[in-house]
Amino acid sequence: MRPDDLNGGLVAAEAFSDDERAAVYRAIETRRDVRDQFLPDPIPDNVLRRLLDAAHAAPSVGFMQPWNFILIRDVAVRQSAWDAFSRANIEAEAMFPEEKRSTYKTLKLEGIRKAPLSICVTSDPDRAGPVVLGRTHNSRMDSYSTVCAIQNLWLAARAEGIGVGWVSIFHDADIRALLGIPERVEIVAWLCLGYVDALYGEPELAIKGWRQRLALEDLVFQDGWGRK
Ligand SMILES: Cc1cc2c(cc1C)N(C[C@H](O)[C@H](O)[C@H](O)COP(=O)(O)O)c1[nH]c(=O)[nH]c(=O)c1N2
């Protein structure tokens, strides 16, 4: 819409109905990071398109839309990604204090081979030229934009009965080489996607005793850092 159009492009923005609002909060509250509950059923193209449309509707700094979505169904490619995860996960375990290592070892932290689809989400810092509106004073804003796209996809997937798991335990260089991603492009996420018929009611890491949800009251300050 051009700026001289009637209403300047504005459309009505009434609050959602009770049911619509409940659905939005339900998606937010029941979204989970999925590692093991994936069913093998493929995600139909039209459903995948809805998820990608949701991601592509995300806010982005200067409207730069820095994301790309590399769809990976190939079993051999997913196996190589799992190998990269597996090597890194051994290193990861050793980084924790000794008393946490045995618990760490019991955690399932990826679903790369079980989920029928992986999506590697990348962020291209050069998408909108060297000077980007809103990124002028903080160069990380393009990555943050891409994370917004991932969250949109994650929530839309919940509404579709599709689980999503974010995997970040790998050396970038391994995934970069595997998928031919240029050096200048940032790898933001490896996502595992598949239909699910069960989800944990709380974060799996909380249920398995790794870490509990913090009290919101402790995280909200009034008019300055630390002021309750
Ligand atoms: C940036 C980023 C990176 C990762 C994750 C998340 C995010 C936001 N999470 C999932 C994470 O553990 C999970 O979100 C929390 O434990 C909270 O659980 P729910 O997402 O509410 O189920 C995650 N989980 C996992 O098993 N392996 C991983 O490598 C990662 N990496």
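Every value quoted in this text rests on a predicted model; they were computed, and no experiment measured them.

(A) Inspection of the state of the cysteines at higher detail. Counted under the stated rule, the structure contains zero disulfides. This cysteine, Cys-120, is not joined by any disulfide, and Cys-192 carries the nearest cysteine sulfur, 11 Å off.

(B) Quick look at the UniProt feature "domain: Nitroreductase" (unreviewed entry) in the protein chain. Taking the UniProt record as the reference, the feature "domain: Nitroreductase" (unreviewed entry) is found at residues 28-195. Each end of residues 28-195 is marked by a C-alpha atom, and these two atoms are 17 Å apart; helix forms 43% of the span and strand 17%.

(C) Fine view of the site of the ligand. In the neighbourhood of the ligand, the contacting residues comprise Arg-31, Arg-32, Asp-33, Arg-35, Leu-109, Trp-166, Val-167, Ser-168, Ile-169, Pro-203 and Leu-205. Interatomic distance of 2.8 Å between a side-chain N/O atom of Arg-31 and an oxygen atom of the ligand. The contact in question runs from a nitrogen atom of the ligand to an N or O atom on the backbone of Trp-166, over 3.3 Å. Here the ligand, which alone exposes 620 Å², has 72% of that area covered by the protein. Of the residues assigned to the shell around the ligand, the class counts are six nonpolar, one polar and four charged.

(D) Molecular detail of the sheet that holds strand β1 (residues 67-72). Taken together, four strands build an open sheet; the order of strands is β1-β2-β4-β3 and the sheet is antiparallel. Only two strands of the sheet have a single neighbouring strand rather than two, namely β1 and β3 (162-167). Between one strand and the next, the sheet's axes are offset by a mean angle of 25°, whatever the strand orientation. Examined bridge by bridge, strand β2 (residues 117-123) and strand β4 (residues 186-195) share seven bridges and lie antiparallel to one another. Looking across to β4, one finds that Leu-117 is bridged to Leu-193. Contacting β1, β2 and β4, helix α6 (residues 172-179) crosses the sheet at an angle of about 70° to β4.

(E) Summary view of empty space enclosed by the protein. This model, assessed by the stated rule, comprises one cavity of 30 Å³ or more. Roughly 30 Å³ of internal volume is contained in the largest cavity. Residue lining of the largest cavity: Arg-31, Arg-32, Val-34, Trp-154, Arg-158, Ile-162, Gly-163, Val-164 and Leu-199, and that is the complete set. Listed by contribution, the elements that provide at least two residues to the lining of the largest cavity are α5 (141-159) and β3. Looking at the lining of the largest cavity, the element that brings in the most residues is β3, giving three residues. In terms of residue class, the lining of the largest cavity is made up of five nonpolar, one polar and three charged.

(F) Geometry of the pattern of salt bridges. All told, the structure shown has 15 salt bridges when counted by the stated rule. In this structure, Asp-33 engages Arg-35 in a salt bridge whose closest nitrogen and oxygen atoms are separated by 2.9 Å. Overall, the relative accessible area of 18% leaves Asp-33 in the buried class. In this structure, Lys-105 engages Glu-93 in a salt bridge whose closest nitrogen and oxygen atoms are separated by 3.5 Å. Of this pair, Lys-105 sits in helix α4 (residues 98-106) while Glu-93 sits in helix α3 (residues 75-95), placing them 12 residues apart in sequence. With relative accessibility at 17%, the residue Glu-93 sits in the buried group. A cluster of three or more residues bridged by salt bridges with shared partners is formed by Asp-33, Arg-35, Glu-204 and Lys-208.

(G) Examining the side chain of Arg-135 more closely. Along the polypeptide, Arg-135 turns up in the loop between β2 and α5. One polar contact links the side chain of Arg-135 to the main-chain carbonyl oxygen of Pro-125, over a distance of 2.9 Å. In this structure the side chain of Arg-135 is engaged in a polar contact, spanning 2.9 Å, whose partner is the side chain of Asp-142. Look past the residues within four positions of Arg-135 in its chain and what remains in contact with it is Val-61, Met-64, Pro-125, Gly-129, Pro-130, Met-141 and Asp-142.

The rules behind these values
- Residues numbered from 1 in each chain as written.
- Predicted model: local features only at pLDDT ≥ 70, side-chain atom pairs only at ≥ 80, totals over all residues.
- Heavy atoms only, no water.
- Disulfide = S-S within 2.5 Å.
- UniProt positions renumbered as here; feature names shortened; annotations may be inferred.
- Helix = DSSP H or I, 4+ residues; strand = E, 2+ residues; numbered from the N terminus.
- Near = heavy atom within 4 Å.
- Polar contact = N/O pair within 3.5 Å; in protein donor to acceptor, adjacent residues only side chain to side chain.
- Areas by Shrake-Rupley, 256 points an atom, 1.4 Å probe, with all protein chains shown as cover.
- Nonpolar A, V, L, I, M, F, W, Y, C, P; charged D, E, K, R; others polar.
- Pairing = 2+ DSSP bridges.
- Axes fitted to C-alpha atoms, helices over the stretch in contact; angles between N-to-C directions.
- Contact = heavy atoms within 4.5 Å.
- 1 Å grid on protein atoms, 1.4 Å probe; cavity = no way out; pocket = protein on both sides within 12 Å on 5 of 7 lines; lining within 4 Å.
- Points joined across faces, edges and corners; volume = space filled by probe spheres on them.
- Salt bridge = Lys/Arg side-chain N within 4 Å of Asp/Glu carboxyl O.
- Buried < 20%, exposed > 50% of the residue type's maximum accessible area, 1.4 Å probe, protein only.

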